[in-house]
Structure formats: C-alpha cells, structure tokens
Amino acid sequence: MTPEEILTFWLDEVGESGWYKSDPELDATVRTRFEETWKAAMEGRFGFWLTYPGGSLAYTILMDQFPRNMFRGSGESFASDRVALAVAKQAIGRGWDMKIDEPARQFFYMPLMHSENLSDQDRCIRLMNERMPESGANNLLHARAHREVIRQFGRFPTRSEALSRGLTRNEQAYVASGGYGRTFRELQETA
C-alpha cells in the first residue's frame, strides 16, 4: 500500500459525497482494502510517510478516518486517534496542511475535532476558520458542535458505550434527546 493509493481512494473514489455518510458498503470496502495497512501502521510501520505532506495526509486519513468506517460502532473506531492527532499536529506545525488543497486539507484538522481535549477543539475551529476559506463553512459548524459537546461534558458521550465507559445522568439525558445531532441543529439555527 502506498500513500497515493489511500489518497486516490479517499479523495477521488469516495469523494466529498461519501466522506461523512454511514454506509455499510463503504465500511466493508474500507475494511477489506485497508485494515491490514492500518494494523501495520499501528505496529509502527510507514514512518517514512511522515516525511512529506501527501504521505502525512494519507497516514492521518488511515489512522483517523478509516477506523471510523472499518470498526463503526466499536471502541476500535477510536484506537488510533492519538496517533492521528500526533501526526496531524506535526504536519500542521510544519505548515504541510497549507500544501494540500481544499477540501482535502480538512483531514489534517479532523483529529483535532475528534479529540476529547478542549484546547484541540479550539485549535480546530481556528484552523478551519483561517485555513479553509473556500470549503470550511460546513466543517466549521461541525467543529463548533464538537467543541460544544466537549465544553459541556469533557468527552463525547456518544462514544461511551463503544468504549465501555459509563454515562452520567446528564450524558444519558443528552444522548436520549438527540445528542450530537441536536447540538448541531441548535448551532445551525443560530448561525
């Protein structure tokens, strides 16, 4: 597997219309084509990908986006989040995000959006606002919704079942009342 194969698949074959859909067929395709590569990356392989912008983007997609498809609904969906976050921060620090055209650039910011750390959430919003002028409006709204959840709970309650962590009463009420979708709609109405 090469970084170019990952980028071609995700950016060209799947494309914007499929990036954030829950699609069992796409999930199965990602699992079949990329699970072994993901496992190898979890073992520390492919470090040379992190030496240039396109390789870092492919690595970030492999470690952040693909597990959400491959392992949807399970705790393993989040197993490589820390790795993706570290790679994304390194690439952003080197200015490599700005060497990638929009809308693909957003995938350097997704690990920040997926982080259960408020500082990462704030940084994601700043980056989306400053560095995604052409295609960032919808992503910015999602980033704000993610940040609001972290502000309120310090974590994403919708992950708790998959991660075998209990919910507080407030989190239970939040999930029962629509969870993230409700937060997103409320922000959308006030935008």
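Residues numbered from 1 in each chain as written. Predicted model: local features only at pLDDT ≥ 70, side-chain atom pairs only at ≥ 80, totals over all residues. Heavy atoms only, no water.

J.: Looking at this model, I keep getting lost on the environment of Phe-66. Mind explaining?
T.: Along the chain, Phe-66 falls in helix H3 (residues 53–70). When the C-alpha positions of Phe-66 and Val-30 are compared, they lie 6.6 Å apart, and in sequence the two are 36 residues distant. Setting aside residues no more than four positions away along its own chain, Phe-66 makes contact with Ile-6, Phe-9, Trp-10, Val-30, Phe-34 and Ile-61. (Helix = DSSP H or I, 4+ residues; strand = E, 2+ residues; numbered from the N terminus. Contact = heavy atoms within 4.5 Å.)

J.: How should I be thinking about the pattern of salt bridges in this particular structure?
T.: Pairing is possible between side chains that carry opposite charge, provided their charged atoms lie close to one another. Counting across every chain of the model gives 15 salt bridges. Between Asp-120 and Lys-89 there is a salt bridge, and its shortest N-O distance comes to 3.0 Å. Residue Asp-120 is located in helix H6 (residues 118–131), and its partner Lys-89 is located in helix H4 (residues 81–93); the two are separated by 31 residues in the primary sequence. A relative accessible area of 7% means that Asp-120 is categorised as buried. (Salt bridge = Lys/Arg side-chain N within 4 Å of Asp/Glu carboxyl O. Buried < 20%, exposed > 50% of the residue type's maximum accessible area, 1.4 Å probe, protein only.)

J.: I'm lost on the side chain of Ser-115 in this one. Help?
T.: Checked against the element boundaries, Ser-115 lands in the loop between helix H5 (110–114) and H6. You can call Ser-115 buried: its relative accessible area is 10%. Setting aside anything within four residues of it in sequence, one finds Ser-115 in contact with Leu-85, Asp-120, Gln-121, Ile-150 and Phe-156.

J.: Help me understand helix H2 (residues 24–42), please; the structure alone is not making it clear to me.
T.: Given 3.6 residues per turn, any residue in an α-helix points the same way as the ones three and four places further on. Between the first and last C-alpha of H2 there are merely 24 Å, a value that for 19 residues lags more than 12% behind the 27 Å anticipated at 1.5 Å per step. Roughly 55° is the biggest bend found in H2, and it falls at Phe-34. Those residues of H2 not exposed but buried are Leu-26, Asp-27, Val-30, Phe-34, Glu-35, Thr-37, Trp-38, Ala-40 and Ala-41. On its buried face, H2 sits against helix H1 (3–18) and H3. Where H2 begins, the capping side chain belongs to Asp-23, and its oxygen is found 2.9 Å from the backbone nitrogen of Glu-25. Two residues or fewer after H2 comes Gly-44, characterised by a positive phi angle close to 100°. (Expected span 1.5 Å × (residues − 1). Bend = angle between axes of the 7 residues up to and from the residue. Polar contact = N/O pair within 3.5 Å; in protein donor to acceptor, adjacent residues only side chain to side chain.)

J.: Just checking my understanding: could you explain the domain arrangement of the protein for this structure?
T.: For the protein, the assigned domains are domain 1 (1–114) and domain 2 (117–190). Using C-alpha coordinates to define each centre, domain 1 is positioned 20 Å away from domain 2. Of all residues in domain 1, the largest losses of buried area upon contact with domain 2 belong to Glu-102, Leu-112 and Met-113, amounting jointly to 39% of the total for that side. Counting across the domain 1 and domain 2 interface gives three salt bridges. Measuring nitrogen to oxygen at the nearest pair gives 2.7 Å for the salt bridge that ties Arg-131 to Asp-97. Where domain 1 meets domain 2, there are nine residue pairs in polar contact (both at pLDDT 80 or more). (Domains from an automatic or database assignment. Buried area = accessible area lost by both parts, 1.4 Å probe.)

J.: Just checking my understanding: could you explain the environment of Gly-47 for this structure?
T.: The topology assignment puts Gly-47 in the loop between H2 and H3. Distance from Gly-47 to Asp-81, taken between C-alpha atoms, is 16 Å for residues 34 residues apart in sequence.

J.: Looking at this model, I keep getting lost on the packing of aromatic side chains. Mind explaining?
T.: The geometry of an aromatic ring pair is captured by two quantities: the separation of the ring centres and the angle between the planes. Applying the stated criterion across every chain yields a total of 14 aromatic pairs. Among the aromatic residues, those joined into a ring-pair cluster are Phe-9, Trp-10, Trp-19, Tyr-20, Phe-34, Phe-66 and Phe-107. (Phe/Tyr/Trp six-rings, centres within 6.5 Å; stacked < 30°, edge-to-face > 60°.)

J.: Just to check I follow, could you spell out helix H7 (residues 137–153) for this structure?
T.: Along its 17 residues, H7 runs 25 Å from first to last C-alpha, staying within 8% of the 24 Å computed at 1.5 Å per residue. Elements that come into contact with the buried residues of H7 comprise H5, H6, helix H8 (169–176) and helix H9 (179–190). Looking one or two residues past H7, Gly-154 carries a phi angle of roughly 80°, positive in sign.

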